[in-house]
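The lines below spell out each chain.
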Amino acid sequence: MGIPFITAYNIISAIFRGMGDSKSPMYFIAIACAANIGLDYLFLGAWKMGAAGAALGTTLSQTISVVISLAVILRKNTGLSLKHSDFRPDRMMMGQILKIGFPVAVQDGCIQIAFLLITVIANHRGLDDAAAVGIVEKIISALFIVPSSMLATVSALSAQNIGAGKHKRASQTLRYATILTTAYGIVITILMELAVQPVMQLFTPDAAVVALGCQYMRGYIIDTIFAGIHFSFSGYFAAYGRSYIGFLHNMAAIVLLRVPGSYLASRMFPETLFPMGLAAPAGSLLSVVICLGAFFWMKRRGTIECA
């Protein structure tokens, strides 16, 4: 039931970011989070509704964020209006949206499938390995907020500059995004390499799971250096209407390195998770190489202008 509201929120947030306003979507989701926490206390605590109450609280909080964001669009001086005719399908507009959005959607779907396959591989190694991989994946998802957000950031800023005919500023956006994410990745990698054990101990007291999690994290955390680079390039390519490049490099990384690398490492090194953790940065490194190749190919053809 919450899927339509998640979709609506993402669309409205993209509209605000396209207008150069990235703060409003943050406020909308902050309101939704606060509402979700309050509703969880009500449904789970006071009314004892269990898992159904948790699901209902999430769905209602998503609905609240969409209602508020629509109200802001209608009341705020955004230059946007919402009429009944706006909800009629426009074949040309839908085609343009699908041309850019479909590869991104398939790409994200394939990434989630890859995570599931890696989880399956870990589960076959035993309970401790599965628990360690599960904990590390949760930590990584939090640490990846900065690199993953660069896709939307670079896409919005580059598209604004490309639309204004300022291609060099679009390439500058890409340059500084890659510098920021690479610096972030290096810092996070160093910190996690030094502090991985106490971080793992926050999630479990089991010494075996902690030890295996430290092994997996020490390999996996390197991915924060490379992931931000290919996320930035994917946003840049999407701004030029070439989101299929992001799809291609992610598929190549998943099919050639991430999943088979995890499987082979799991079979060849049954006593440690460190090599299995290296499969993720290896896949991202391949993505970076493909992105650089695509970038210089577009530059050679005169598709882009660089600062």
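Only a predicted model underlies this, so the values are computations on that prediction, with no experimental measurement involved.

How each quantity is defined
- Residues numbered from 1 in each chain as written.
- Predicted model: local features only at pLDDT ≥ 70, side-chain atom pairs only at ≥ 80, totals over all residues.
- Heavy atoms only, no water.
- Helix = DSSP H or I, 4+ residues; strand = E, 2+ residues; numbered from the N terminus.
- Buried < 20%, exposed > 50% of the residue type's maximum accessible area, 1.4 Å probe, protein only.
- Contact = heavy atoms within 4.5 Å.
- Patch = residues over 30% accessible without salt bridge, like charges linked within 9 Å, V, L, I, M, F, W, Y side chains within 5 Å.
- Areas by Shrake-Rupley, 256 points an atom, 1.4 Å probe, with all protein chains shown as cover.
- Salt bridge = Lys/Arg side-chain N within 4 Å of Asp/Glu carboxyl O.
- Axes fitted to C-alpha atoms, helices over the stretch in contact; angles between N-to-C directions.
- Parallel < 35°, antiparallel > 145°, perpendicular 65-115°, else oblique.
- Left-handed = near helix turned anticlockwise from the far one by under 90°.
- Expected span 1.5 Å × (residues − 1).
- Bend = angle between axes of the 7 residues up to and from the residue.
- Polar contact = N/O pair within 3.5 Å; in protein donor to acceptor, adjacent residues only side chain to side chain.
- pLDDT = per-residue confidence, 0-100.
- Core = buried A, V, L, I, M, F, W, Y, C linked by side-chain atoms within 4.5 Å.
- Phe/Tyr/Trp six-rings, centres within 6.5 Å; stacked < 30°, edge-to-face > 60°.

A few words now on the environment of Ile135. Structurally, the position occupied by Ile135 is in helix α5 (residues 127-143). Residue Ile135 is classed as buried on the basis of its relative accessible area of 13%. Setting aside chain neighbours within four positions, we find Ile135 in contact with Met200, Phe203, Thr204 and Val209.

On the surface, Leu42, Trp47, Met49, Leu56 and Leu60 cluster together into a nonpolar patch covering about 420 Å² of accessible area. When you line up the elements, Leu56 lands in helix α3 (residues 50-75). Overall, Leu56 belongs to the partly exposed group, its relative accessible area being 33%.

This paragraph deals with unusual backbone geometry. A positive phi angle, near 55°, is found at Lys48, a position not held by glycine. Relative to the helices and strands, Lys48 is located in the loop between α2 (23-46) and α3.

This part is about the packing of helix α7 (residues 167-201) against helix α9 (residues 223-239). Taken N-terminus to C-terminus, the directions of α7 and α9 make an angle of 160°; their axes are 7 Å apart at the nearest point. Overall, the two elements α7 and α9 adopt an arrangement that is roughly antiparallel. Read as a crossing pair, α7 and α9 show a hand that is right-handed. Residue-level contacts link Ala170, Ser171, Leu174, Ala177, Thr178, Thr181, Thr182, Gly185, Ile186, Ile188 and Thr189 of α7 to Thr224, Ile225, Gly228, Ile229, Ser232, Phe233 and Tyr236 of α9.

Its 25 residues give helix α10 (residues 244-268) an end-to-end C-alpha distance of 34 Å, which sits within 8% of 36 Å, the value for a rise of 1.5 Å per residue. Its axis deflected by about 45° at Ile254, α10 carries its strongest bend there. All buried positions along α10 are accounted for by Ile245, Gly246, His249, Asn250, Ala252, Ala253, Ile254, Arg258, Val259, Ser262, Ala265 and Ser266.

Tracing the backbone through its elements, the reader meets Asp21 in the loop between α1 (3-18) and α2. On the basis of relative accessibility, which here comes to 17%, the residue Asp21 falls in the buried class. Among the polar contacts made by the side chain of Asp21, one reaches the side chain of Ser24 at a distance of 2.6 Å. When residues no more than four places from it in sequence are discounted, the contact partners of Asp21 are Phe16 and Lys76.

Mapped onto the elements of the fold, Asp108 is located in helix α4 (residues 91-123). Asp108 sits in the partly exposed class, given a relative accessible area of 40%. Placed 54 residues apart in sequence, Asp108 and Ala54 show a C-alpha to C-alpha distance of 25 Å.

This next bit is on the confidence of the model for the chain. Summary statistics for the chain give a mean pLDDT of 90 and a share of 99% for residues scoring 70 or more. Ranking the helices and strands of the chain by mean pLDDT puts helix α11 (residues 274-277) first, with 95, and α1 last, with 87.

This part is about the pattern of salt bridges. Using the criterion set out here, one finds three salt bridges in the structure. The closest approach of N and O atoms between Asp129 and Arg125, which form a salt bridge, is 2.9 Å. Owing to a relative accessible area of 9%, Asp129 belongs among the buried residues under this scheme. A residue is classified by how much of its surface remains accessible, and Arg125, at 17% relative accessible area, is buried.

A word on the nonpolar core. By size, the foremost hydrophobic cluster in this structure holds 31 residues, and its most contacted members are Ile139, Met192, Met200, Tyr216, Met217 and Met276. Only α4, α5, α7, α8 (207-220) and α9 provide two or more residues apiece to this core. Leave out the neighbours within four places in its chain, and Tyr216 touches Ile118, Val133, Val136, Glu137, Leu273, Phe274, Met276 and Gly277.

For the rest of this paragraph, the subject is the side chain of Ser171. Assignment of secondary structure puts Ser171 in helix α7. Separated by 2.7 Å, the side chain of Ser171 and the backbone oxygen of Lys168 make a polar contact.

For α3, spanning 26 residues, the distance from its first C-alpha to its last is 38 Å, which sits close to the expected 38 Å at 1.5 Å a residue. Of the positions making up α3, those classed as buried are Gly53, Gly57, Thr59, Ser61, Gln62, Ser65, Val66, Ser69 and Ile73. In this fold, the buried residues of α3 make contact with α1 and α2.

The next thing to look at is the packing of aromatic side chains. Scanning the model with the defined rule gives nine aromatic pairs in all. Plain terms: the ring middles of Phe43 and Trp47 are 5.6 Å apart, the flat faces sit at 40° to each other, and that makes the pair tilted. Where Tyr236 meets Phe295, the ring centres are 5.9 Å apart and the plane angle is 50°; that geometry is what we call tilted. Placement of Tyr236 in helix α9 and of Phe295 in helix α12 (residues 279-300) is noted, with a sequence separation of 59 residues between them. Of the two residues, Tyr236 and Phe295, neither departs from the other in class, the shared state being buried. Members of the aromatic cluster, connected to one another through ring pairs, are Phe233, Tyr236, Phe237, Tyr240, Phe295 and Phe296.

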